[in-house]
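Analysis of the macromolecular model
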Amino acid sequence: MSNAVAHADHGHADAHHAHHPALQHHFDTMAQQKEAAVIGMWVFLLTEILFFGGLFVAYMIYRVWYFDAFAEASRRLSLFWGGLNTAVLIGSSLTMALAVRAAQTNNRKWTVNWLVLTMLLGCVFLGVKVIEYEDKFANYEVPGPNYNWLYHEQHAAAAGDHPATSPGGGAEGAAPAAAAGHRELALTPAQLQNTTQIYFSLYFTMTGLHALHMIIGVGLMMVITWMAYQGRFDAAYYTPVEMSGLYWHFVDIVWIFLFPLLYLVERHQ
Amino acid sequence: MSDHVSPVSLYLTIFFALMILTGVTVAAAFVNLGQFNFAVAMLVAGFKASLVVWFFMHVKYQSHLTKLTVATGLFFLAILLGMSLIDYVSRGDFKGYVPPPVNPDAQMPAR
């Protein structure tokens, strides 16, 4: 990196040499300080990669073992909401990148505007997640004592919507291929009752941890937006904007992998 | 500062590429490719992640040391995923580890 640092004098007449007010005394130049921050942030993101990585390993092993259950359970997720959330999150990554760009170009107004838009899109994502979780609770698809793999069909049969797909009465696990006529299943509904809970446990853990990161990210943005509003950043010093941007993009990348892994296990018939 | 300022058009291009690739991954999931459905989904996701890392996260314009740091993360993730899965698929009679059986007498819980 070439160290073309603008040594603007901000009234530090008593200092032994003039420097940017944001330059900490243990760094020689702004470029050196920035580089240290970038590497430090990436090292933190590496620990985050391995944090999520453990869950991805658990997902992979159970998916290989109980693929049929994962395929069936995955179809219970709404492709519409999942796809919408993917688009919203990619859009928020764009606004975040534009916020960093506005900071780089000394545009205080648009730094704040893009950051606010990023937060709003983050909140839209979390709102959609609430709708999806609420639907899972309403359909007894949350792992635990109240989990009921057949609630959906029993409910539909009781309402008389499509009796052809109802597994019939108590569904005591005798008939295979009871689930909505996708194809012949190796697992009975009672076996799916057990194995699909593994899928939904991973679903709630992975999306829940991701949502927690989103909430932290929005909180981070609030602080950064306030700092930007106060005019703490300029083209020579915008490291906090860039660092929170790295965090935000990382959370976006996690979702880029979660979406196909959770929503698209096997969508073809 | 020596920081690279990317043009807005680049960010928009990456954004639209990510949106199109999202459509591609959804469309591909509805085509029966057998074992390759998973490979396609992961390849597309990996490519999307690379676009975000390279352009949105500005790794393209960072020092070699930063790039090496990023690569180290991917290396350790590969060890975590690869070694764990090698362990699981190579157990038992080396034809693949038999998963814990699903209880053949499973009953729906009484309600």
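Quick caveat: nothing in here was measured; it's all calculated off a predicted structure.

1. Quick notes on unusual backbone geometry
- Its identity as a non-glycine residue notwithstanding, tyrosine 140 of chain A has a phi of 55°, on the positive side.
- The residue tyrosine 140 of chain A is located in the loop between helix H4 (108-138) and helix H5 (151-159) in this model.

2. Some words on the interface of chain A and chain B
- Taken together, the contacts link 59 residues of chain A with 46 residues of chain B.
- Mapped onto the side of chain A that touches chain B, the elements with two or more residues apiece are helix H1 (30-65), helix H3 (79-104), helix H6 (189-229) and helix H7 (239-263) of chain A.
- A per-class count over the side of chain A that touches chain B returns 37 nonpolar, 16 polar and six charged.

3. Some remarks on the nonpolar core
- Counting residues in hydrophobic clusters, the biggest one holds 80 residues, and the most contacted among them are Ala99, Ala103, Leu115, Val241, Val254, Leu258 and Leu262 of chain A.
- Those elements that place two or more of their residues in this core are H1, helix H2 (67-74), H3, H4, H6 and H7 of chain A together with helix H1 (8-29) and helix H2 (36-56) of chain B.
- With 17 residues, the top contributor of residues to this core is H7 of chain A.
- For leucine 258 of chain A, the contacting residues outside a window of four places in its chain are Met206, Thr207 and His210 of chain A.

4. Details of the environment of proline 240 of chain A
Residue and element names in this part refer to chain A.
- One can find proline 240 in helix H7.
- Among the residues examined, proline 240 registers 18 C-beta atoms within 10 Å and is labelled partly exposed.
- On a C-alpha basis, the gap between proline 240 and glycine 127 in space is 27 Å, while along the polypeptide they are 113 residues apart.
- Those residues in contact with proline 240 that sit more than four places away from it in its chain are Ile224 and Met227.

5. Looking at the confidence of the model for chain B
Residues and elements named next belong to chain B.
- Chain-level statistics for chain B give a pLDDT mean of 88 and a share of 89% at 70 or above.
- For chain B, per-element mean pLDDT is lowest for helix H3 (residues 64-89), which scores 92, and highest for H1, which scores 96.
- Scored as a whole, the predicted complex attains pTM 0.85, and scored at its interfaces, ipTM 0.89.

6. Considering the confidence of the model for chain A
All names here are of chain A.
- For chain A, the average pLDDT comes to 85, and 84% of its residues sit at 70 or higher.
- Taken as a whole, residues 1-15 scores under 50 in pLDDT and shows 19 contacts with residues more than four places along the chain or in a different chain.
- Segment residues 162-182 is flagged for pLDDT under 50; beyond a separation of four residues in sequence, or across chains, it makes 37 contacts in the model.

The rules behind the values
- All residue numbers refer to positions counted from 1 along the written sequence of the respective chain.
- Lettering for chains starts from A, numbering for ligands starts from 1, and both go in the order in which the items are written.
- It should be noted that, the model being predicted, local features are given only for residues of pLDDT at least 70 and side-chain atom pairs only at 80 or more, the latter also being counted only at that level, while totals for whole chains, interfaces and linings use all residues.
- The numbering of helices and of strands both runs from the N terminus, where a helix is a DSSP run of H or I of at least 4 residues and a strand a run of E of at least 2.
- By the convention adopted here, residues are in contact when the distance between their C-beta atoms, placed from the backbone, does not exceed 7 Å.
- Each residue gets one label: Ala, Val, Leu, Ile, Met, Phe, Trp, Tyr, Cys and Pro are nonpolar, Asp, Glu, Lys and Arg are charged, and the others, such as Gly, are polar.
- Buried Ala, Val, Leu, Ile, Met, Phe, Trp, Tyr and Cys residues form a nonpolar core when they are connected through C-beta atoms within 7 Å.
- To sort residues by burial, count the other C-beta atoms lying within 10 Å of each one's C-beta; a count of 20 or more means buried, 12 or fewer means exposed, and anything in between means partly exposed. C-beta atoms are built from the backbone.
- Values of pLDDT, which run from 0 to 100, indicate the predictor's confidence residue by residue.

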